[in-house]
Every structure is written in structure tokens, then in C-alpha cells.
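Observations on the three-dimensional arrangement
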Amino acid sequence: GARSYHHTAPISMCYALREALEIVREEGLENRWQKHRDAAEMFWAGLKEMGLEPLVAHEHRLPTLTTIKVPQGIDPKQVTNFILHNYGIEIGNGLGDLAGKVWRVGLMGVNATPLISMTVLSALRNALRQQGYKC
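In what follows, the accompanying structure is described. Note that this is a predicted model, so its numbers are computed, not measured.

Across all of its chains, the model carries four salt bridges by this definition. Among the salt bridges present, the one from Arg25 reaches Glu22, with a minimum N-O distance of 2.6 Å. Placement of the pair is Arg25 and Glu22 together in helix α1 (residues 11–27), with a separation of three residues, close to one helical turn. Classification of Glu22 as partly exposed rests on a relative accessible area of 26%.

With that out of the way, let us pick up the packing of α1 against helix α2 (residues 29–49). Look at α1 against α2: their axes get within 6 Å of each other, and the N-to-C directions meet at 95°. Judged by the inter-axis angle, α1 sits roughly perpendicular to α2. Touching Ile23, Val24 and Glu27 of α1 are Leu29, Asn31, Arg32 and Lys35, all from α2. Per-class residue counts for the contact of α1 with α2 are three nonpolar, one polar and three charged.

So, about the environment of Ser4. Mapping Ser4 onto the fold places it in the segment before α1. For the pair Ser4 and Gln72, spaced 68 residues apart in sequence, the C-alpha separation works out to 53 Å.

Turning our attention to the sheet that holds strand β2 (residues 92–93). Within the open sheet, the three strands sit side by side as β1-β3-β2. Their pairing is antiparallel. Edge positions in the sheet fall to β1 (65–69) and β2, since each has one partner strand and no second. Sitting on the sheet, α2 touches β1 and β3 (102–106), and the angle it makes with β1 is about 10°.

Turning our eyes to something else, we now look at α1. Taking 1.5 Å per residue as the helical rise, α1 with its 17 residues ought to reach 24 Å, and the 25 Å between its terminal C-alpha atoms agrees with that figure. Once α1 ends, the next one or two residues include Gly28, with phi positive near 95°.

Within the largest apolar cluster, 24 residues are counted, with the highest numbers of intra-cluster contacts made by Phe43, Ile83, Trp103, Leu124 and Leu128. When residues of this core are traced back to their parent elements, those giving at least two are α2, α3 (76–87), β3 and α4 (114–129). Sort the elements by how many residues they give to this core and α4 lands first, with six residues. For Phe43, the contacting residues outside a window of four places in its chain are Thr66, Ile68, Val105, Leu107, Ser117, Val120 and Leu121.

What follows concerns the packing of α2 against α4. Two elements in contact, α2 and α4, have axes separated by 9 Å at closest approach and are oriented at 25°. Considered as vectors, α2 and α4 are oriented roughly parallel to each other. Viewed along their axes, α2 and α4 form a crossing whose handedness is right-handed. Here Ala39, Met42, Phe43, Gly46 and Leu47 of α2 lie close against α4, whose contacting residues are Pro114, Ser117, Met118, Val120, Leu121 and Leu124. When grouped by side-chain class, the residues that make up the contact of α2 with α4 number nine nonpolar, two polar and no charged.

Scoring rules and cut-offs
- Residues numbered from 1 in each chain as written.
- Predicted model: local features only at pLDDT ≥ 70, side-chain atom pairs only at ≥ 80, totals over all residues.
- Heavy atoms only, no water.
- Salt bridge = Lys/Arg side-chain N within 4 Å of Asp/Glu carboxyl O.
- Helix = DSSP H or I, 4+ residues; strand = E, 2+ residues; numbered from the N terminus.
- Buried < 20%, exposed > 50% of the residue type's maximum accessible area, 1.4 Å probe, protein only.
- Axes fitted to C-alpha atoms, helices over the stretch in contact; angles between N-to-C directions.
- Parallel < 35°, antiparallel > 145°, perpendicular 65-115°, else oblique.
- Contact = heavy atoms within 4.5 Å.
- Nonpolar A, V, L, I, M, F, W, Y, C, P; charged D, E, K, R; others polar.
- Pairing = 2+ DSSP bridges.
- Expected span 1.5 Å × (residues − 1).
- Core = buried A, V, L, I, M, F, W, Y, C linked by side-chain atoms within 4.5 Å.
- Left-handed = near helix turned anticlockwise from the far one by under 90°.

Dropping the structure here:
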């Protein structure tokens, strides 16, 4: 039979990809990687100060995605809902076997900055305090 397509990729996505690649070229790939590493290290240090523990050992972590263990007695959904409604920041909950046990925080691209790292930490701190967590 005749070949048919179920959809066509939006041209705006092609332009967005081109622009993103141009930004990486201008910044330099090594600089881009370091920017992500710096934002992640700042974020991880902030988590430690709050008494929160990443799921993955430091030597195996990705700078773009951090999984944080949910402290005992904390409702993870209540935290993510608080942050979304009060800060407009979306933090993912755990999936599969990790559902209800971790949060997933991505700091990538334009969001891999010290300001964003500190903003997410502040939002997380305030959300946890709403549930009586001392941080």
C-alpha cells in the first residue's frame, strides 16, 4: 500500500535545535560541561547542608539530574505540589520502585546556573519546613 505519515515534526523544533547547538558552539563544549558540573556541585552542597542525601554516590552522579532521598515522615507529593504552586518549579517524583522514595531534580541547559540551584534549594527548604522538617 501507499506510505503515509501520522505526523510531521514542527519546524519550530528544528529551529530550536539549531539555536541550541549554536549556543553550545559559541560557549564551547568544555565550558558547557563545566557550567553543568558547577551548578550540580553547588546544588549537592546545599542538599548536604539541609541534611538531604542524594540516592547516587558522588562519583556516579550525573550533573544534569539529581535524585534525592525523601526523608522519613515527609510526603513527597506534598513537597512537589508546594514547590510547583508557590515557585512554578516542577520537581519529579520517583518512578517505579523509587516511587515515593526520591525526588528527581534536573539542572540542565539554561537552568544550570548558581541562581537556579539556589532557587530550587530555597523552594525545597521551604516545602520541607511546611511539614516540620528541620533544615
